[in-house]
Amino acid sequence: MTTKTPTKNISLKNTNAITPANSFTAKQFIEKLKTFQSDAELKKIQRYFKSDKGQYGEGDKFMGVKMGQLFALAKEFNGMPVSEIEKLLESDIHEVRAGGVSIMDKESRTKKIPASRRKEFYDLYMRRHDRINNWDLVDLGCLYMTGSYLFDKPRKILYQLAKSKNLWERRTAILTTCYFIRQGDVTDTFKIAEILLKDKEDLIHKATGWMLRFAGDKEPKKLLTFLDEYAGVMPRTLLRVTIEKLPAVKKKYYVD
């Protein structure tokens, strides 16, 4: 494969005036994304993501695009119709799917997003969870978007996902609570963490520990209470990530 030199003039900023956001297409996004393709980046990505046989990302295909470039491009496609975003999710190429999720993430963080649009994003993410099939895609969709929709609504779906046989659905369950934590609500984080204590996947241990540590930033006493009860049965990676910010004395106490 020949390395392509990124074209300098690829921004949509100069064309937005004549291209309404609701006219953006998946094809346009993919064409722009291809201009960033790099063989050197492809090699880095293939080393970073575990996509060989038997690994968590088995069969995933990559283009070779830096995430920073992808995120910047996604922001320019703010307003893309959900039907076109779904076409991005249907792609076999990882960065194209990441672009679809990133478009939803970027727009969901804007203050003027209508409630109906936020619901469309949430519904698409959940309906096409079969295409949210790697840890970074879950993180893109859940650290803000899914939680911002569910915050003032029943959260039963998260407890169902936490018990799913699908690794990525379980990761969605715990990471969706990130938005709740930001709002000072840590209840679901601790409850879902209890469900995931016996999970066998390292990617769940890391995600759960991450959210427990974040919840502890808001409610340190609740974290210590949780650790007092469960530290002895927590997988080592989960415990290590959870207690990362604790004082050395406390770390030693829970590890020993």
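A quick note: this is a predicted structure, and the numbers were derived from the prediction, not measured.

The rules we used
Position numbers for residues count from 1 along each chain, tracking the sequence in the order it is written. Only residues with pLDDT of at least 70 are given local features in this predicted model, and only at 80 or more are side-chain atom pairs given and counted; all residues enter the totals for whole chains, interfaces and linings. Side-chain metrics in this entry use all non-hydrogen atoms of the structure; hydrogen atoms and water are not considered. Each pair of aromatic rings taken from Phe, Tyr and Trp, with Trp reduced to its six-membered ring, is defined by centres within 6.5 Å and is described as stacked if the planes are under 30 degrees apart, edge-to-face if over 60, and tilted in the remaining cases. Helix and strand definitions follow DSSP, with helices as H or I runs of at least four residues and strands as E runs of at least two, each counted in order from the N terminus. Per-residue accessibility, obtained with a 1.4 Å probe over protein chains only, is compared with the maximum for each type, and a residue is labelled buried under 20%, exposed over 50%, and partly exposed between these values. With a 1 Å grid spanning the protein atoms alone, the term cavity applies to any set of points in which a 1.4 Å probe fits but cannot get out, the term pocket to an open set with protein on both sides within 12 Å along at least five of seven lines, and the term lining residue to any residue with an atom within 4 Å of a point. Grid points are joined across faces, edges and corners, and a volume is the space filled by probe spheres set on the points. In this classification, Asp, Glu, Lys and Arg are treated as charged, Ala, Val, Leu, Ile, Met, Phe, Trp, Tyr, Cys and Pro as nonpolar, and every other residue, Gly included, as polar. The working definition used for a salt bridge is a side-chain nitrogen of Lys or Arg within 4 Å of a carboxyl oxygen of Asp or Glu. For a helix, the expected span equals 1.5 Å multiplied by the number of residues minus one. Axes, fitted as lines to C-alpha atoms, cover a helix only where it is in contact. Angles between the N-to-C directions of the axes lie from 0 to 180 degrees. Should an angle fall under 35 degrees it is called roughly parallel, over 145 degrees roughly antiparallel, and 65 to 115 degrees roughly perpendicular, with every other angle called oblique. Crossing chirality is assigned from the near helix's rotation relative to the far helix, an anticlockwise turn below a right angle marking it left-handed and a clockwise turn marking it right-handed. Contacts: residue pairs with any heavy atoms within 4.5 Å of one another.

**As for the packing of aromatic side chains**
- One pass over the structure, following the stated rule, counts 14 aromatic pairs.
- Between Phe151 and Tyr179 the ring centres are 5.7 Å apart and the planes differ by 75 degrees, which places this aromatic pair in the edge-to-face class. Separated by 28 residues along the polypeptide, Phe151 in the loop between helix H8 (145-150) and helix H9 (156-162) and Tyr179 in helix H11 (residues 177-182) bring together distant segments of the chain.
- By relative accessible area, Tyr179 is classed as buried at 13%.

**Structural notes on the layout of surface pockets**
- Taken as a whole, the largest pocket spans an internal volume of roughly 220 Å³.
- Considered as a void within the structure, the second largest pocket measures approximately 180 Å³ in volume.
- For the second largest pocket, the full set of lining residues is Glu41, Ile45, Tyr48, Phe49, Val65, Lys66, Met67, Phe71, Trp135, Asp136, Asp139 and Leu140.
- Those elements that place two or more of their residues in the lining of the second largest pocket are helix H2 (39-48), helix H3 (67-76) and helix H7 (135-142).
- Split into classes, the residues belonging to the lining of the second largest pocket amount to 8 nonpolar, no polar and 4 charged.

**A few points about the pattern of salt bridges**
- Under the criterion given, the structure shown has 19 salt bridges.
- A salt bridge links Arg128 to Glu90, with the shortest nitrogen-to-oxygen separation between them at 3.1 Å. Linking Arg128 in the loop between helix H6 (115-127) and H7 with Glu90 in the loop between helix H4 (82-89) and helix H5 (94-108), this pair joins segments that are 38 residues apart in sequence.

**Details of H5**
- For H5, with 15 residues, the first-to-last C-alpha span of 21 Å sits near the 21 Å given by 1.5 Å per residue.
- A large share of H5 lies buried, amounting to 14 of its 15 residues.

**Re the packing of helix H1 (residues 26-34) against H5**
- Two elements in contact, H1 and H5, have axes separated by 11 Å at closest approach and are oriented at 120 degrees. Relative to H5, H1 is oriented oblique. Judged by the twist between their axes, the crossing of H1 over H5 is right-handed. Of the residues in H5, those in contact with Phe29, Ile30 and Leu33 of H1 are Glu95, Val96, Gly99 and Ile103.
- A class-by-class count of the residues in the contact of H1 with H5 yields 5 nonpolar, 1 polar and 1 charged.

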